[in-house]
Amino acid sequence: MLFFKNIYLWVVLVAFVSSCSRDIKKIEPIDESYPTAIEQALGELEALLLHVNNNLLVIDSTHIEAHITPQNLECVENICRSEVTLGNILLKKVFKCNNGIINAVHYDFYYDSLALDLEKDAQAVISLVATKFGDHNSIYNSDTMKTFSWVSHNNIIDLELFNNGFTVTIRKSPKTETPAEIALGLPKHLQLAEKLIHHIYEDSLKLGVSKIKDIQSLFKVDFKGKSNALAFSKTYNNRVLLSGMFLFKRERLSNVYFDYVYSDTTSKEFLINTKTIKSIITELYKEPSNIATVPLSTSYRWGNNPIVLEMYSDGFSVFLENNSL
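Residues numbered from 1 in each chain as written. Predicted model: local features only at pLDDT ≥ 70, side-chain atom pairs only at ≥ 80, totals over all residues. Heavy atoms only, no water.

### Regarding the sheet that holds strand β11 (residues 240–249)
- Read across the open sheet, the eight strands follow the order β9-β10-β11-β12-β16-β15-β14-β13; overall the sheet is antiparallel. The open sheet has two edge strands, β9 (224–226) and β13 (290–294), and neither has a second partner. Averaged over all adjacent pairs, the angle separating strand axes in this sheet is 10°, with direction ignored.
- Direction of pairing for strand β10 (residues 229–236) relative to β11: antiparallel, over a ladder of eight bridges. (Pairing = 2+ DSSP bridges. Helix = DSSP H or I, 4+ residues; strand = E, 2+ residues; numbered from the N terminus. Axes fitted to C-alpha atoms, helices over the stretch in contact; angles between N-to-C directions.)

Written out as structure tokens, the structure is:
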């Protein structure tokens, strides 16, 4: 009798263990999936593009104040910035402003050195922008990057792909200025230099991006052109010679030179004009970050902005430097 009783207890124990085992198998771990780095990056980018499409971000119209808190921006003078880490991607947001009004936006996505999916991720970014703005209007290859551009209303959307990331820029589409938009009170020979400075500041003229047709639409002068250059020259009041040169590499703007030469160096007019151009640049970029004086010239540079102002004994030059972009 004891034997059968032990057998009975053993069967009950095995059945209980088997039942628990089946219950344990039924409990499966909860699948907690988190967005990948590129999924987060695409989310940030899509939010930016939706703001553009819904007119919540209009270049040269929208006030930066509406974006400071949502974007966690810190503003110094006319530049507002923030950074956010998205897995192995560092996103740097830059909002350029003029008197509190946004005139350009840059989203820079940088990958760490171990990233292997950049090429695949870049295709995902191109597809995202294309869903919002259609096929790109132009494409440009250089030694260091590949640039896709879309035109939407009065905006240009640039996507620049480089070896450790990509940048999306929203900027104003270049337009032809009417005579009423030309600065009043400024000497005629300085108006073109002022126009050059403002186009650079507003990103409607950009090294490595702008084409010959862009320059021709921005500057209504009598150009003499070649396949890789546009040049013009004009004498004002028989005493000031302005020579301008736009150089292109692979159909994209590579250098700009505006040279002013004065025939009457005793009048010191060029000193006054130099100070005028310097004040125009300083109003946008604040005080020069570097001043270099040598026996024959003095050069002024403003941080990472490409403009250089150089003063000589008989005039001055405004030109752009590639290496300061």
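From this point on, the discussion continues.
### Some words on helix α7 (residues 269–285)
- Counted at 1.5 Å a residue, the expected span for α7 with its 17 residues is 24 Å, and the 24 Å between its end C-alpha atoms agrees.
- Burial in α7 covers these residues: E269, F270, N273, T274, I277, I280, I281, T282 and L284.
- The elements touched by buried residues of α7 are β3 (89–98), α5 (188–201), β11, β12 (252–262), β15 (307–312) and β16 (315–320).
- Of the residues trailing α7, K286 is marked for its positive phi of about 65°. (Expected span 1.5 Å × (residues − 1). Buried < 20%, exposed > 50% of the residue type's maximum accessible area, 1.4 Å probe, protein only. Contact = heavy atoms within 4.5 Å.)

### A closer look at the packing of α5 against α7
- Two numbers describe how α5 lies on α7: the axes approach to 11 Å, and their chain directions differ by 20°. Taken together, the axes of α5 and α7 lie roughly parallel to each other. As for the relative orientation of α5 and α7, their crossing is right-handed in sense. Facing α5, whose interface residues are H189, L190, A193, E194, I197, H198, I200 and Y201, α7 presents E269, N273, T276, I277, I280, I281, L284 and Y285.
- Along the lines of polarity and charge, the residues of the contact of α5 with α7 split into 10 nonpolar, four polar and two charged. (Parallel < 35°, antiparallel > 145°, perpendicular 65-115°, else oblique. Left-handed = near helix turned anticlockwise from the far one by under 90°. Nonpolar A, V, L, I, M, F, W, Y, C, P; charged D, E, K, R; others polar.)

### Considering the pattern of salt bridges
- Evaluation of the coordinates by the stated rule reveals eight salt bridges.
- A salt bridge links E46 to K132, with the nearest nitrogen and oxygen atoms 3.1 Å apart. Residue E46 is located in helix α2 (residues 37–53), and its partner K132 is located in helix α4 (residues 118–133); the two are separated by 86 residues in the primary sequence. (Salt bridge = Lys/Arg side-chain N within 4 Å of Asp/Glu carboxyl O.)

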